[in-house]
Amino acid sequence: MNRTKKVLAIILLVFGLLSLALIIFIQTLKPDYKGKKQLPGISEPVSVYFDTYGIPHIYASNEQDAMRVLGYVHAQDRLWQMELLRRIGSGGLSEVFGEDMVGTDQFFLSLGIDDASQKAVGILDKNSEERKLAQAYLDGVNHFIEKGPTPVEFFLTGLTKKRFQLKDIYNTVGYMGFSFAMAHKTDPLLANIKDKLGVSYLQDLEVGVDDNTEWIKNYQSTVSDTIQNNVVAILGKSLTGLPVPQFIGSNSWVIAPEKTKNGKVILANDPHIGFAQPAVWYEAHVSTPTYEKYGYHMAGIPFPLLGHDRKLAYGITMFENDDVDFYYEEQHPTDSTLYKTSEGWEKYEVLHKMIKVKDGEDVTFTFKKTKHGPILNGIADQVTGPRPIAMSWMYTQGENRIMEAVYGLSQAQTLGDFRKALPNIHAPGLNIMYGDALGNIAWWATAKLYQLAEGTNTKLIMDGASGKNEIVRYLNFEENPQAVNPPWKYVYSANNQPDSIAGMLYPGYYLPENRAERIVQLLEPKNDWDMSSAQNMILDVTSSVDFSVAQDLIGSMEIARFSPEHRKAVDLLRHWDGSYPLQTVAGTIYQRWIYYFLKYTLEDELGPELFQQLLATHLIKRSIAPLANKTTSIWYDNAMTGDRVETKEEIVSMALKEALTSLKADFGEDPDQWTWNRVHTLEHGHPIGKVALFRRFFNIGPFPVIGAREVINNMGFPYDSSGFYQVNSGPSTRRIIDFSDIENSQSILPTGQSGNPFSPHYEDQAEMFVNGEFRKMMMNEEEIKKSSENLLIFQPAKDLRN
C-alpha cells in the first residue's frame, strides 16, 4: 500500500512539474504588454500604452523611433501572419505546409510577384522618407525575431524564423492585389461557356454592363477557340488552398456636413475580406510631435491602408476593375522557342524557379513568358492543350510605386495632399474614400486604367498574335471615376459599376447593385445622420433586391396548384421584407430556393464542374436578379430532356419544391424551426486549426450570425448542395469616424487585436462583433494614459550589428 502511494505521489509530482513547466513555457510565449525593453536604433525612449483591447498607442519623439517600435509590437502579436503573407508571392508555402502547396507556389511564382517586388525595391529612392520609415519598421520586426519569443506556430510547423526585408512588403501587397482580381476566375470560364454553348447563353447571364442597375455617379467640383476547363480549375485551386484570407469586396460611404446632425463629416467603412484568424487588420495609434495617425495595418506593411486623425479620414473598397487579361499566343510551327506578335516572331523568355518543400526534395520548374505575361500551360499538370495561354496582369506590368502611394496617404494633411498620392496606385484597383474636418468628401477609383481597341471583349480570351487586342492608351488619372464634393452631399462605393468615364464604361467584375441600392435608399432621404444611425446602417441586413427576386419568382408560378404547405411557404416569402435576422424563416427558404433555381436552370447545360466554377464568381451574384426577372431564357430549357422545352414556371416550381423537401429533411415538418441561425454560421479558421486536434484551440466560433450575401452587413458564403451556409467573408472591421466627436469614433475587429493564441486579446472582440457592438478608437492622450493598465517602455540601446 505504501509503495502504491509512493508511485502515485511520484506520478503526481512529475505531472505537477510538467504542468508547471508547461505554464512557464506558455508564459514565455505571450506578448509583452508592460515593462521595459531595449531597442537598437531609437534615439529617445518610446512609451506604448496598450488599451483595454490590446491596441498600442505609441508616443515617440520622432517618426523613425515610432516606426521601429510599431514594427516590434506588430510582430509580437502577428509574426506568424506576417510570415505567411510574405511567402505567398515568393512561392514559399510548400516550405511550411509540404507538397500539397507546390502547385500554388508554382502559380504565384509564375505570376511574377516576387520579381516585380525586387524591381520595385530597386526603383525606390534610398534617401526617401518612406524608405527610411519602412526600414525602421522592419528593423523593429527583425529585433523581435532576434530577441522576442517564438510564436507557437513556428514550433508546430518546425519553421525557422528569418529576417524581413523590403521586398517582403511588396510581396504582401502583390498577393493582396491578386486576390482582389476576379478575371482569373471568370475570363476562362466565360470562354468555356461560349465555346460549349454559344454567345446567346452569355447574353442571358448579363455578362456586360447593366444599364438598369445602381451606378456610382461621377462628379468633379471646381476645386475564341475551346479552352480547357483546367485553366479555371488551377486558378481556382491556387487560391482555394491558401492559408490566409482573400479580399472580396467592401462598403464605404462618406456623408457631407449638410446631411449630418452635427454639421460635420461622417465616414463609414467595412472592407469585406475572407474571415480568418488572426484578423486581417492590426490597429495602432502613433503620435509624435510632427505626426499622428490612428491606422489599420496589414501584417508586414508599415503604413496604414485605412486611417484617420483630427484632420482627415480615409478608407478603401475594391474597385473590381478588370486588370487581368488572357491571350492566346501562337507558337512557331517548327521552333518552340518563338511566338508570334504583330511585329513578327519573338523569343519566349524562359524562367527557372525553385521551391523548397517541407519533408521533401526541392522542386525546380521552368516556364515561359511572352510580352503579355506567363504562359499557363505547363505551370501545373492541370493546364494542358496545344494553344499557349498567357495571362497579363497590370500589377506586374506597370511601374510599382505602391509604397510611395500608401506613405503619401498616411502623411497627407489636406485634400490636395491626399489627391497627389493617388496616381501612384497602379494596381490593385481601389476605391479610396475620403472625408475631412473642413467638410470635404470625396471618392476616387484608383488604378492605372487602359483602353483597348474598340470591339475588344476583355471577358473572353483574346488574340495575342495579331496585335488587334493590345492596349491603345493609358488613361490619365483625371479620367478615372471620381466624385469630389458632389451636390448630392454623399459619396459611396459598394463594388458596383461606376458611371461612364472617358466616353466609355470601364470593364470590370463589379458586384450586383444589392448593397449599392440599399445604401442609396438609406442615405438619400435622411439629413440628420449621427454616430448611432451610422452604426445601425453598417449593420443593416435588408436586401430590397432579394425581396424583388422572390416576388419575380412567385409571380411566375400558379400558386393555386400548390399544396397547402407549399402555399404557406410562398405566403412567408410574399410578406418577407428581404431581411436576415437570426430568426427569419423566409430568408432560409429563399436562399435554398435560389440555389435550386440556379442548379435547375444552369447545371444541365454547364455540367457539375462548370456550374461549381460559376458559383464561385461575382458574375453569378449579378446574374440572379436578371434571370429571375426574365420570362423566357435559353437557360430554362432542360438540355437533358430533348423531347420537350421546359418553361420558367416549371424550373421555379421544381426548385421551390426541392428547397422545401430539403428543409424538412434537415429540420423537420414545422417551418417555424427553419430559422436562419440554424444554417448561417461563422467560424474564424486558423491555418493550424485545419488539424482536428488543434481546431478548438486556434479557431474561434462557430457563431450564428445575422446578415447574408450582398446585404450591407455582408456575410458571404458559397452555395452548395448542403443548404448550410458557412460564412467565409465579411466585414474585416466596421469603423465609423465622426468629425463632430473625433475622439469617440467607433470600430470593431472580427476576433481580436492579437494573433497570439496565448494573448488575452486573441478573441476578446469576437462576441462583440457578432452582436453588432462597437468600441472606441481612442486618441485622447490623457484618457489613454489614465485608462491604460499596461505600459511598455522602449529604451535606446546600442545596435550590436554596428
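All residue numbers refer to positions counted from 1 along the written sequence of the respective chain. Whole-chain, interface and lining totals are the exception, using all residues; otherwise, since this is a predicted model, local features are given only for residues with pLDDT of at least 70 and side-chain atom pairs are given and counted only at 80 or more. Just so you know, side-chain values use all the structure's heavy atoms and leave hydrogens and water out.

## Regarding the overall build of the protein chain
A run of H or I in DSSP becomes a helix once it reaches four residues, and a run of E becomes a strand once it reaches two; helices and strands are each numbered from the N terminus. Along its length, the protein chain carries 25 helices and 30 strands. Burial here depends on accessible area, computed with a 1.4 Å probe over protein chains only, as a share of the maximum for the residue type. Under 20% is buried, over 50% is exposed, and the range in between is partly exposed. Counting only residues that meet the buried cut, the protein chain has 62% of its 802 residues in that class. Under the convention used here, a 1.4 Å probe and the Shrake-Rupley method define accessible areas, while residue burial counts only the protein chains that appear. When the accessible surface of the protein chain is totalled, it reaches about 30,800 Å², and 51% of it is carbon and sulfur.

## Structural notes on the sheet that holds strand 23 (residues 680-684)
Each pair of strands is called paired provided DSSP finds at least two bridges between the two strands. Spatial ordering of the open sheet is given by 24-23-25, a layout of three strands whose pairing is mixed. Where the open sheet ends on each side, the last strands, each with one partner, are strand 24 (700-704) and strand 25 (725-727). Mean inter-strand twist for the sheet, computed between neighbouring axes without regard to direction, equals 25 degrees. In the sheet, strand 23 pairs with strand 25 via three bridges, with the strands oriented parallel. Considered in strand 25, the bridge of H680 is made with Y725. Axis definition: a line fitted to C-alpha atoms, over the contacting stretch in the case of helices. Angles run 0 to 180 degrees between N-to-C directions.

## Observations regarding the nonpolar core
As used here, the term nonpolar core means buried Ala, Val, Leu, Ile, Met, Phe, Trp, Tyr and Cys residues forming a set that is joined through side-chain atoms within 4.5 Å. Core analysis: the biggest nonpolar cluster contains 178 residues, and I58, L79, W253, W281, F418, W444 and F794 have the highest contact counts within it. When residues in this core are grouped by element, the largest group, 13 residues, is from helix 2 (residues 63-89). With sequence-adjacent residues up to four places away left out, W253 is seen in contact with I266, L267, A268, V491, Y492, I519, L523, A534, M537, I538 and I712. Counting 55 residues, the second largest nonpolar core, distinct from the first, contains A550, L627, Y636 and F717. Note on contacts: a residue pair qualifies if any of its non-hydrogen atoms lie within 4.5 Å across the two residues.

## Side note on helix 17 (residues 544-555)
Along an α-helix, residues three or four positions apart point the same way, because every turn accommodates 3.6 residues. In a regular helix each residue adds 1.5 Å, so twelve residues correspond to 16 Å; helix 17 covers 16 Å between its end C-alpha atoms and thus fits that length. What helix 17 keeps buried is the set S544, V545, D546, V549, A550, L553 and I554. Looking at the buried side of helix 17, the elements it contacts are helix 15 (514-523), helix 18 (564-574), helix 19 (586-606), helix 21 (618-629) and helix 22 (648-667). Expected span of a helix, by definition, is 1.5 Å for each gap between consecutive residues, and there is one gap fewer than residues.

## Structural notes on the pairing of strand 11 (residues 338-341)
Regular strands place side chains that alternate from one sheet face to the opposite one. Looking at chain direction, strand 11 and strand 12 (residues 344-347) are connected through four bridges and run antiparallel. Within strand 12, the residue paired with L338 across the bridge is K347. Between the antiparallel neighbours strand 11 and strand 12 lie two residues.

## Description of the packing of helix 15 against helix 17
Relative to each other, helix 15 and helix 17 sit at 115 degrees, their axes nearing to 8 Å. Contact with helix 15, carried on its side by N514, E517 and Q521, involves S544, V545 and D546 of helix 17 and no other residues of that element. Under the scheme applied here, ten amino acids are nonpolar (Ala, Val, Leu, Ile, Met, Phe, Trp, Tyr, Cys and Pro), four are charged (Asp, Glu, Lys and Arg), and all others, including Gly, are polar. Residue composition of the contact of helix 15 with helix 17, grouped by class: one nonpolar, three polar and two charged.

## Side note on the environment of S336
If you trace the backbone, S336 turns up in the loop between strand 10 (324-328) and strand 11. Note on S336: relative accessible area 40%, which makes it partly exposed. The spacing of S336 and Y348 is twelve residues in sequence and 8.7 Å in space, taken between C-alpha atoms. Setting aside its immediate chain neighbours within four residues, S336 contacts Q331, Y348 and K368.

## Observations concerning the sheet that holds strand 10
Pairing is mixed in the open sheet, where three strands are placed in the order 15-10-19. A strand with exactly one partner marks an edge of an open sheet, and here the two such strands are strand 15 (389-393) and strand 19 (462-463). Bridge analysis of strand 10 against strand 19 gives two bridges, and the strand direction is parallel. Bridge pairing links Y327 to M462 in strand 19.

## Structural notes on the pattern of salt bridges
The term salt bridge refers to a side-chain nitrogen of Lys or Arg lying within 4 Å of a carboxyl oxygen of Asp or Glu. Applying the stated criterion across every chain, the model contains 33 salt bridges. Across the pair R310 and E292 runs a salt bridge, and its minimum N-O distance is 2.6 Å. One end of the pair, R310, is in the loop between strand 8 (306-308) and strand 9 (312-318); the other, E292, is in strand 7 (residues 292-297), with 18 residues separating them in the sequence. Counted as one network, the salt bridges with shared partners bring together E83, R86, R87, E95, K162 and D168.

## Overview of the side chain of N495
Tracing the backbone shows N495 in the loop between strand 22 (490-493) and helix 15. Residues adjacent in sequence count toward polar contacts only when both atoms are side-chain atoms; beyond that, a polar contact is any pair of N or O atoms within 3.5 Å, and within protein one must be able to donate a hydrogen and the other to accept it. Here the side chain of N495 touches R515 through a polar contact of 2.8 Å, side chain to side chain.

## Things to note about helix 16 (residues 531-538)
Counting buried positions along helix 16 yields six of eight residues, so the element is predominantly enclosed. Among the residues making up helix 16, those that are buried are M531, S533, A534, Q535, M537 and I538. For helix 16, the N-terminal cap is D530; the gap from its side-chain oxygen to the backbone nitrogen of S532 is 3.3 Å.

## Re the packing of aromatic side chains
In this scheme Phe, Tyr and Trp rings, the latter by its six-membered ring, pair at centre separations within 6.5 Å, and the angle between planes marks the pair as stacked below 30 degrees, edge-to-face above 60, and tilted otherwise. For the coordinates displayed, the defined rule picks out 39 aromatic pairs. Where Y450 meets Y474, the ring centres are 6.4 Å apart and the plane angle is 75 degrees; that geometry is what we call edge-to-face. Of the two residues, Y450 is situated in strand 18 (residues 450-452) and Y474 in strand 20 (residues 471-474); the sequence distance between them amounts to 24 residues. An aromatic cluster is present here, built from W576, Y580, Y590, Y595, Y596, Y600, F611, W676, F717, Y719 and Y725 joined pairwise through their rings. Think of it as a cone above the ring: NZ of Lys or CZ of Arg counts as a charge over the ring if it is within 6 Å of the ring centre and within 35 degrees of the ring normal. Against the face of Y53 rests R775, its NZ or CZ located 5.7 Å from the ring centre.

## Quick look at the confidence of the model for the protein chain
Values of pLDDT, the confidence the predictor places in each residue, fall between 0 and 100. Summary statistics for the protein chain give a mean pLDDT of 89 and a share of 88% for residues scoring 70 or more. Here residues 222-233 is a poorly scored stretch, pLDDT under 50, and it has 38 contacts once near neighbours within four places are set aside; other chains count.

## Description of unusual backbone geometry
Here the residue pair Q277 and P278 is connected by a cis peptide bond, since its omega of 5 degrees sits within 30 degrees of zero. With respect to the helices and strands, the residue P278 is situated in the loop between strand 5 (266-274) and strand 6 (282-287). For the bond running from A427 to P428, omega is 0 degrees, close enough to zero to count as cis. For P428, the location among the structural elements is in the loop between helix 14 (415-421) and strand 16 (430-436). Unusually for a residue other than glycine, D359 sits at a positive phi of about 55 degrees. Looking at where D359 falls in the secondary structure, it is placed in the loop between strand 13 (349-355) and strand 14 (363-369). Since its relative accessible area comes to 78%, D359 is described here as exposed.

## Structural notes on the packing of helix 17 against helix 19
Where helix 17 contacts helix 19, the two axes come as close as 11 Å, and the packing angle between them is 60 degrees. For the element pair helix 17 / helix 19, the angle class is oblique. Once helix 17 is placed against helix 19, the crossing between them reads as left-handed. Residue-level contacts link D546, V549, A550, L553 and I554 of helix 17 to Y590, Q591, W593, I594 and F597 of helix 19. Of the residues in the contact of helix 17 with helix 19, the class split is eight nonpolar, one polar and one charged. Angular relationships are summarised with four words: roughly parallel below 35 degrees, roughly antiparallel beyond 145, roughly perpendicular across 65 to 115, and oblique for the angles in between. Rotating anticlockwise by less than a right angle from the far helix to the near helix defines a left-handed crossing, while the corresponding clockwise rotation defines a right-handed one.

## Considerations on the side chain of R86
By secondary structure assignment, the location of R86 is in helix 2. For R86, a relative accessible area of 7% puts it in the buried group. Contact partners of R86, with chain neighbours within four places excluded, come to K162, R163, F164, D168, N171 and T172.

## Description of the environment of T446
Residue position: T446 is located in strand 17 (residues 441-446). Note on T446: relative accessible area 0%, which makes it buried. Sequence spacing of T446 and I432 is 14 residues, and the spatial spacing of their C-alpha atoms is 7.0 Å. When sequence neighbours within four positions are dropped, the list of residues in contact with T446 reads F319, L422, I425, P428, G429, L430, I432, F477 and N480.

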